[in-house]
Each structure stands twice: as structure tokens, then as C-alpha cells.
Amino acid sequence: MDGTFVNQVKQCIEEKLRGGGQNEIRFIIYPFGDIGMRIKYILNHAYGIQEDYIIDNHLCMFNPAMKDVSFLDSIHCDDYYLILASVNSDVYDDLKRSVTK
């Protein structure tokens, strides 16, 4: 993994952990492409944190543990930190629009 990317992800995670404590922070990763998989690895292996949900509109067709973005309508989103897992600004903006209520 690219060191700069890993450091940026770790910095974001640590900022959230400092603000709320590890047991109180709940994460959702969306989507679960290359970047989402890398973020999951960092969360799970560097911090011992299991994400609460993975949102991916394509992979949810093949993996029942993954949810479609419409799943967000069924939970209280204020209880989670949603990680928009994209480094492409155009894709990031599209993802952000898809989850904005």
C-alpha cells in the first residue's frame, strides 16, 4: 500500500478515535472497491476495528453481508462515520451526492 495513502487514512481514523473513543465509533465503508478494501484492511489490522457495514451497490448482489446504498435509509446515520472510499474527486462527489439526504 502507498505510504502516503495509508498515512492519510490513519490520520483520519485517529482523528475520529480521539474525538469519540474506540468503543463509541462506528464505521461504514462505501463503496468496496480497491480503496474500500484498503481502508477495511487498515481499520481491521492497524486498529482492531471491525466496520459495522460495507455498502456496495454491485457486490451486494453476490455477498449478503454487503448492503445497497438504500440501506442507509433504514439506519440512524448520525450514529456512524461513513467513509467515502474514493480518491477520484469526480467519483467522490457522485458518492457524496448518492448518500446526501
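Use the structure listed above.
Because the structure is predicted, anything quoted here is derived from the model rather than measured.

Engineer: I would appreciate a short explanation of the side chain of aspartate 56 in the present structure.
Structural biologist: Summarising the element assignment, aspartate 56 is placed in the loop between β2 (53-54) and β3 (81-84). Although buried, aspartate 56 forms no salt bridge, and the nearest oppositely charged side chain, lysine 40, lies 13 Å from it. Within the structure, the side chain of aspartate 56 is placed 2.8 Å from the backbone nitrogen of leucine 59, a separation counted as a polar contact. Ignoring anything within four residues of it in the chain, the contact list for aspartate 56 reads Pro31, Phe32, Gly33, Met66 and Lys67.

Engineer: So what exactly am I meant to see when it comes to the packing of aromatic side chains here?
Structural biologist: Geometrically, a pair of aromatic rings is defined through the distance of the ring centres and the angle of the planes. For the coordinates displayed, the defined rule picks out three aromatic pairs. Among the aromatic residues, ring-to-ring pairing joins Tyr53, Phe71 and Tyr80 into one connected group. The positively charged end of arginine 38 is found above the aromatic ring belonging to phenylalanine 5, 4.3 Å away from the centroid. Above the ring of phenylalanine 71, the side-chain terminus of lysine 67 is found at 5.3 Å from the ring centroid.

Engineer: Would you mind going over the sheet that holds strand β1 (residues 27-30) with me for this structure?
Structural biologist: Taken together, three strands build an open sheet; the order of strands is β2-β1-β3 and the sheet is parallel. Looking along the sheet, the strands with just one partner apiece sit at the ends: β2 and β3. The pairing of β1 with β2 spans two bridges and is classified as parallel. Note on β2: the bridge partner recorded for isoleucine 28 is tyrosine 53. Its contacts with the sheet place helix α2 (residues 34-46) against β1, β2 and β3, and it is angled at close to 155° to β1.

Engineer: Can you walk me through the environment of tyrosine 53 in this structure?
Structural biologist: Along the polypeptide, tyrosine 53 turns up in strand β2. For the pair tyrosine 53 and arginine 26, spaced 27 residues apart in the sequence, the C-alpha separation amounts to 9.0 Å. Excluding residues within four positions of it along the chain, tyrosine 53 makes contact with Phe27, Ile28, Ile29, Lys67, Phe71, Ile75 and Tyr80.

Engineer: What is the right way to look at the pattern of salt bridges in this model?
Structural biologist: Side-chain pairs of opposite charge can arise whenever the charged atoms involved come near each other. Taken as a whole and judged by the stated rule, the model has four salt bridges. Its salt-bridge partner being arginine 26, residue aspartate 52 comes within 3.3 Å of it at the nearest N-O pair. With aspartate 52 in the loop between α2 and β2 and arginine 26 in the loop between α1 (3-20) and β1, this residue pair connects regions lying 26 residues apart in the sequence. Its relative accessible area of 31% is what places aspartate 52 among the partly exposed residues.

Engineer: What is the right way to look at unusual backbone geometry in this model?
Structural biologist: Of note, the amide linkage connecting tyrosine 30 to proline 31 takes the cis form, showing an omega dihedral of -10°. Take proline 31: it is sitting in the loop between β1 and α2.

Reading the values: rules and limits
Residues numbered from 1 in each chain as written. Predicted model: local features only at pLDDT ≥ 70, side-chain atom pairs only at ≥ 80, totals over all residues. Heavy atoms only, no water. Helix = DSSP H or I, 4+ residues; strand = E, 2+ residues; numbered from the N terminus. Buried < 20%, exposed > 50% of the residue type's maximum accessible area, 1.4 Å probe, protein only. Lys, Arg positive; Asp, Glu negative; His and termini not counted. Salt bridge = Lys/Arg side-chain N within 4 Å of Asp/Glu carboxyl O. Polar contact = N/O pair within 3.5 Å; in protein donor to acceptor, adjacent residues only side chain to side chain. Contact = heavy atoms within 4.5 Å. Phe/Tyr/Trp six-rings, centres within 6.5 Å; stacked < 30°, edge-to-face > 60°. Lys NZ or Arg CZ within 6 Å of the ring centre and 35° of its normal. Pairing = 2+ DSSP bridges. Axes fitted to C-alpha atoms, helices over the stretch in contact; angles between N-to-C directions.

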